[in-house]
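What the coordinates show
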Amino acid sequence: MQQHPHTSRRRTGRLAGLTAALAAVVGLSTLTGPGAHAADNPYERGPAPTESSIEALRGPYAVSQTSVSRLAVTGFGGGTIYYPTTTADGTFGAIAVSPGYTALESSISWLGPRLASQGFVVFTIDTNTTLDQPDSRGDQLLAALDYLTQRSSVRNRVDSSRLGVMGHSMGGGGSLEAAKDRPSLQAAIPLTPWNLDKTWPEVRTPTLIFGADGDTIAPVSSHAEPFYSNLPSSLDRAYLELNNATHFTPNSSNTTIAKYSISWLKRFIDNDTRYEQFLCPLPRPSLTIEESRGNCPHTS
């Protein structure tokens, strides 16, 4: 039986409309689903961040840890690796963290699970001796990253192209040394850093420096501030001076340090621009922040 031309056109129209509606639904789910950002940025890990999620004691990832004996490594003093337990999200960026002068790994160990639970592999290390100077600590941070990516039991969980360094005091000075020596590093975070070298024109790694207003061991006027000022002006860089803080504030759990460190590491190791909102505009002075400096928006 021959269909009426108007009936045929109506059915064709309904089919076209249904197809368009389905396409719209599929497109919408693609834009809002868990893999949406991953399609644009393969390094993105975890849900969209909020102020509370980056201030939390633990992020979205369950974390395991493994100890590394100093007898099993060369070039540094062993340490502890913290890593997300899941393998469903692929590999993760990684960070090595050094303690300061006369200090042990335990002084910076709080950063291990706090950062790892946000989607990083974190190696908090001991140094060869507690008296090692910043240049030696820089070499040791790089040796730790090399061990992590090449020999460690979790090497298959790490993306060796997305690495960063952190350190406290002389370890903070060491993180600048490591960034100078290895420009491929994606992020550096010196915490109340100490170093006799005040100028860092060679650094090509996005760097966030924390100072402390009450630091009498590495006063910001002769350490953190000139370090920041003497990084290349074209570099993505930031300076946060902690309010009512001392040289040793980074040695215990600190929400301000964690919040901005997580944001910096996510932004530059994972290229995750969802975290730019916490870095730019620069944070204003508050009960925990004395002052901030930086170049916003970031370009890396």
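Right above here is the structure, for reference.
Model, not experiment: these values are computed from the prediction. (Residues numbered from 1 in each chain as written. Predicted model: local features only at pLDDT ≥ 70, side-chain atom pairs only at ≥ 80, totals over all residues. Heavy atoms only, no water.)

Glancing now at empty space enclosed by the protein. Scanning all chains against the criterion turns up one cavity of 30 Å³ or more. Space inside the largest cavity adds up to approximately 60 Å³. Taken together, Leu208, Ala238, Leu240, Tyr260, Trp264, Leu279, Cys280, Leu282, Pro283, Arg293, Cys296 and His298 form the lining of the largest cavity. Mapped onto the lining of the largest cavity, the elements with two or more residues apiece are strand S8 (237-242) and helix H8 (255-269). (1 Å grid on protein atoms, 1.4 Å probe; cavity = no way out; pocket = protein on both sides within 12 Å on 5 of 7 lines; lining within 4 Å. Points joined across faces, edges and corners; volume = space filled by probe spheres on them. Helix = DSSP H or I, 4+ residues; strand = E, 2+ residues; numbered from the N terminus.)

With that settled, the discussion passes to the pattern of salt bridges. The final tally for this structure, using the stated rule, is twelve salt bridges. When the shortest N-O distance is used, the salt bridge between arginine 182 and aspartate 146 registers 2.9 Å. Placement of the pair is arginine 182 in the loop between helix H6 (170-181) and strand S6 (187-191) and aspartate 146 in helix H5 (residues 134-150), with a sequence separation of 36 residues. Across the pair glutamate 177 and lysine 180 runs a salt bridge, and its minimum N-O distance is 3.3 Å. Of this pair, glutamate 177 and lysine 180 both sit in helix H6, three residues apart, which is roughly one turn of that helix. A relative accessible area of 8% means that glutamate 177 is categorised as buried. Beyond isolated ion pairs, a larger network of salt bridges with shared partners links Asp159, Arg162, Lys266 and Asp270. (Salt bridge = Lys/Arg side-chain N within 4 Å of Asp/Glu carboxyl O. Buried < 20%, exposed > 50% of the residue type's maximum accessible area, 1.4 Å probe, protein only.)

Right, let's talk about unusual backbone geometry for a bit. Look at the link from cysteine 280 to proline 281: it is a cis peptide, with omega at 0 degrees. Counting through the fold element by element, proline 281 comes out in the loop between H8 and strand S9 (289-294). Residue proline 297 follows cysteine 296 across a cis peptide bond; omega there is -5 degrees. Secondary-structure assignment places proline 297 in the segment after S9. Unusually for a residue other than glycine, serine 169 sits at a positive phi of about 60 degrees. In this fold, serine 169 is placed in the loop between strand S5 (158-168) and H6.

This next bit is on the sheet that holds S6. Sheet architecture is open: nine strands sit in the order S1-S2-S4-S3-S5-S6-S7-S8-S9, paired in mixed fashion. Of all the strands in the sheet, just strand S1 (63-68) and S9 have a single pairing partner and so form its edges. Going from strand to strand, the sheet's axes swing by 15 degrees on average, the running direction of each strand aside. Pairing between strand S3 (residues 92-98) and S5: six bridges, direction parallel. Of the residues in S5, the one forming a bridge with serine 98 is glycine 167. Of the strands in this sheet, S3, S5, S6 and strand S7 (207-212) are in contact with H6, which crosses S5 at around 145 degrees. (Pairing = 2+ DSSP bridges. Axes fitted to C-alpha atoms, helices over the stretch in contact; angles between N-to-C directions. Contact = heavy atoms within 4.5 Å.)

To continue, consider the nonpolar core. In terms of nonpolar packing, the biggest core is built from 38 residues, with Phe76, Ile81, Val121, Phe123, Leu145 and Leu148 touching the most fellow members. At the level of elements, strand S2 (79-84), S3, strand S4 (120-125), H5, S5, H6 and helix H7 (224-229) are the ones that each hand at least two residues to this core. A per-element tally of this core places H5 first, with seven residues. Within the second largest apolar cluster, 34 residues are counted, among which are Tyr82, Phe210, Leu240 and Ala245. (Core = buried A, V, L, I, M, F, W, Y, C linked by side-chain atoms within 4.5 Å.)

We now examine H6. Under the 1.5 Å per step criterion, the end-to-end length of H6 is 16 Å for twelve residues, consistent within 8% with the ideal 16 Å. The buried fraction of H6 amounts to ten of the twelve residues, a majority that puts the element mostly inside the structure. Of all the positions in H6, only Met170, Gly171, Gly172, Gly173, Gly174, Ser175, Leu176, Glu177, Ala178 and Ala179 are classed as buried. Structurally, H6 contributes buried residues whose contacts are with S3, H5, S5, S6, S7 and H7. (Expected span 1.5 Å × (residues − 1).)

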